[in-house]
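The chain contents come next:
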Amino acid sequence: MYNKAVAFAQNPTHVVLIMTGWIILYWIMAIIANKGVKTFTTITKYGVLIGTLIPLAVMIILTIVWLCQGHTPAISMAPKQLIPKWNGMSTLALAAGVFFSYTGIDENAAFIKRLRHPEKDFVSSIFITLILVFLIFVVGTVIIAMIVPEKQINVLYTLYSVFRILGSTIGMPWLYMVLVWALLFNTIAMVVTNMAGPSFMLGQVGGSGFLPHWFQKNNKHNMPAHLMYTQIAGMTVVAYLVKLIPNVEGFVILLTQTITVLYMFYYILMFTAFLRLRYDQPNRPRSFKVPGGKFGAWLVGGVGIISSVFGIVLAIYPPAQVKAEVGSPIVYVSVIL
């Protein structure tokens, strides 16, 4: 089963049919997201627990067992060797994925008014989330580098390879199949949140008259259904761009980079608006306010804008590591733009 899955990932067939299956799942998630905040927050809570935190804990425990059995890591664990080698800007191109890891962390701000103590609860939840995301991606990446040789690392199935190897240490090579289903829960949680958050915030803007009347309407669950279905319709069109890329791995990389660019533009607008409002509406009552006066505002907003611009440059620059997967630099940049 595993070998067949790897062979399929390397030379996929029926791509459009499979993509259609995923699109149908995403439409179902859009319908669920339109059922209201209580519904999709419950799904998100259990999805992250089952699809992220539990698999990470299992991965850490099994890695310790793997090392105790006398296996040698595929990389040197010396601190100096863990620093990536510098081969020009193309080396950093995939580092835009770091920005992608944190995209969406702000979306829950749409529901900040529903918190009892937003000035405390929202800040603490954001910092806890930052720490968790950092640990999940750094620890997970180091474990992958330890278990799988560099030349065998693949964007699509390397994580499953790790769980298959680690599962074999305790006589359970089929453990990767459990991970497949666990990650499906995580995907569902992520999709539901990404459906609801941006549309909810945009709907609030629309309610002030900045969008056509059709987009301002909320359903009986107080969710902007028209906006959400428009969002998923646009995503459906983008998804079928997979046919323009040499293989699925390249498409995943390209889509990640494209989403990063879109988010960074959005963050530039957000930080700019934040600074503008500090001058235009300095005395407006706010549930939460960045401390430090004008200096604090410019420090946060300035660092945010510079980081976002840097992320856009990284994402658009063709990565050297996956030239064969993403096609020519012209195709790569053109599709992103």
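Every value quoted in this text rests on a predicted model; they were computed, and no experiment measured them.

About the cut-offs
- Residues numbered from 1 in each chain as written.
- Predicted model: local features only at pLDDT ≥ 70, side-chain atom pairs only at ≥ 80, totals over all residues.
- Heavy atoms only, no water.
- Helix = DSSP H or I, 4+ residues; strand = E, 2+ residues; numbered from the N terminus.
- Contact = heavy atoms within 4.5 Å.
- Areas by Shrake-Rupley, 256 points an atom, 1.4 Å probe, with all protein chains shown as cover.
- Phe/Tyr/Trp six-rings, centres within 6.5 Å; stacked < 30°, edge-to-face > 60°.
- Buried < 20%, exposed > 50% of the residue type's maximum accessible area, 1.4 Å probe, protein only.
- Lys NZ or Arg CZ within 6 Å of the ring centre and 35° of its normal.
- Salt bridge = Lys/Arg side-chain N within 4 Å of Asp/Glu carboxyl O.
- Axes fitted to C-alpha atoms, helices over the stretch in contact; angles between N-to-C directions.
- Parallel < 35°, antiparallel > 145°, perpendicular 65-115°, else oblique.
- Left-handed = near helix turned anticlockwise from the far one by under 90°.
- Nonpolar A, V, L, I, M, F, W, Y, C, P; charged D, E, K, R; others polar.
- Patch = residues over 30% accessible without salt bridge, like charges linked within 9 Å, V, L, I, M, F, W, Y side chains within 5 Å.
- Core = buried A, V, L, I, M, F, W, Y, C linked by side-chain atoms within 4.5 Å.
- Polar contact = N/O pair within 3.5 Å; in protein donor to acceptor, adjacent residues only side chain to side chain.

Chemist: With reference to specific residues and values, describe the overall build of the protein.
Modeler: In terms of regular secondary structure, the protein is built from 14 helices and 0 strands. Reading the helices (α) and strands (β) of the protein from amino to carboxyl end gives α-α-α-α-α-α-α-α-α-α-α-α-α-α. Sequence separation of 24 or more characterises 74% of the internal contacts of the protein that already satisfy a separation of 6 or more. Total accessible area computed for the protein in this model is approximately 19800 Å², and 71% of it derives from carbon and sulfur atoms.

Chemist: Provide a residue-level description of the packing of aromatic side chains, including the pertinent values.
Modeler: Within this structure, the stated rule accounts for 6 aromatic pairs. Judged by centre distance (6.2 Å) and plane angle (10 degrees), the ring pair of Trp27 and Tyr229 falls under stacked. Taken together, the residues Trp27 in helix H2 (residues 15–33) and Tyr229 in helix H10 (residues 225–239) connect sequence positions 202 residues apart. The class of Trp27 is partly exposed, set by a relative accessible area of 32%. You can call Tyr229 partly exposed: its relative accessible area is 30%. Put simply, the rings of Tyr263, Tyr266 and Tyr267 pair up and form one aromatic cluster. The ring of Tyr279 is capped by Lys294, whose NZ or CZ atom sits 5.0 Å from the centre of that ring.

Chemist: Could you give an account of the pattern of salt bridges, naming the residues involved and the relevant values?
Modeler: Once the charged atoms of two side chains with opposite charge are near each other, the side chains can pair. Applying the stated criterion across every chain, the model contains 1 salt bridge. With its nearest N and O atoms 2.6 Å apart, the salt bridge here joins Arg276 to Asp280. Taken together, the positions of Arg276 and Asp280, both in helix H11 (residues 248–280) and 4 residues apart, correspond to about one turn of that helix. Using a relative accessible area of 54% as the deciding quantity, one classes Arg276 as exposed.

Chemist: Tell me about the packing of helix H6 (residues 118–147) against helix H7 (residues 158–168), residues and numbers included.
Modeler: At a minimum axis separation of 10 Å, H6 and H7 run at an interaxial angle of 65 degrees. Between H6 and H7, the crossing angle belongs to the class labelled roughly perpendicular. Where H6 crosses over H7, the two elements pack in a sense that is left-handed. Contact with H6, carried on its side by Ile143, Ile144 and Ile147, involves Thr158, Leu159, Val162, Ile165 and Leu166 of H7 and no other residues of that element. Residues of the contact of H6 with H7, tallied by class, amount to 7 nonpolar, 1 polar and no charged.

Chemist: Run through the environment of Asn194, naming residues and quoting values.
Modeler: Secondary-structure assignment places Asn194 in helix H8 (residues 175–210). In this structure, the C-alpha to C-alpha distance between Asn194 and Ala30, residues 164 residues apart in sequence, is 9.4 Å.

Chemist: Account for the side chain of Thr187, naming residues and giving values.
Modeler: You can see Thr187 is positioned in helix H8. By relative accessible area, which is 19% here, Thr187 ends up buried. Among residues more than four places away in sequence, those in contact with Thr187 are Trp22 and Tyr26.

Chemist: Describe a nonpolar patch on the surface, with residues and values.
Modeler: Among the surface-exposed residues, Tyr46, Val48, Leu49, Ile50, Leu53, Ile54, Val58, Ile128, Leu132 and Phe185 lie close enough to one another that they form a single nonpolar patch of about 800 Å² accessible area. For the nonpolar patch, the secondary structure elements donating two or more residues are helix H3 (37–68) and H6. Ranked by residue count, the leading element in the nonpolar patch is H3, at 7 residues. Relative to the assigned elements, Ile54 resides in helix H3.

Chemist: So what's going on with the nonpolar core? Residues and values would help.
Modeler: In summary, soluble globular proteins display a tendency toward joint burial of nonpolar side chains. Ala33, Phe40, Val192, Met195 and Met223 are the most contacted members of the largest nonpolar core, which totals 15 residues. For this core, the secondary-structure elements that each account for two or more residues are H2, H3, H8 and H10. Counting 14 residues, the second-largest nonpolar core is a separate cluster that includes Val148, Val162, Tyr176 and Leu179.

Chemist: Account for the side chain of Thr236, naming residues and giving values.
Modeler: Within the secondary structure, Thr236 is located in helix H10. In this structure Thr236 comes out as buried when scored by relative accessible area, which is 16%. A polar side-chain atom of Thr236 sits 2.8 Å from the main-chain carbonyl oxygen of Ile232. Every residue in contact with Thr236, bar those within four places of it in the chain, is listed here: Ile23 and Trp27.

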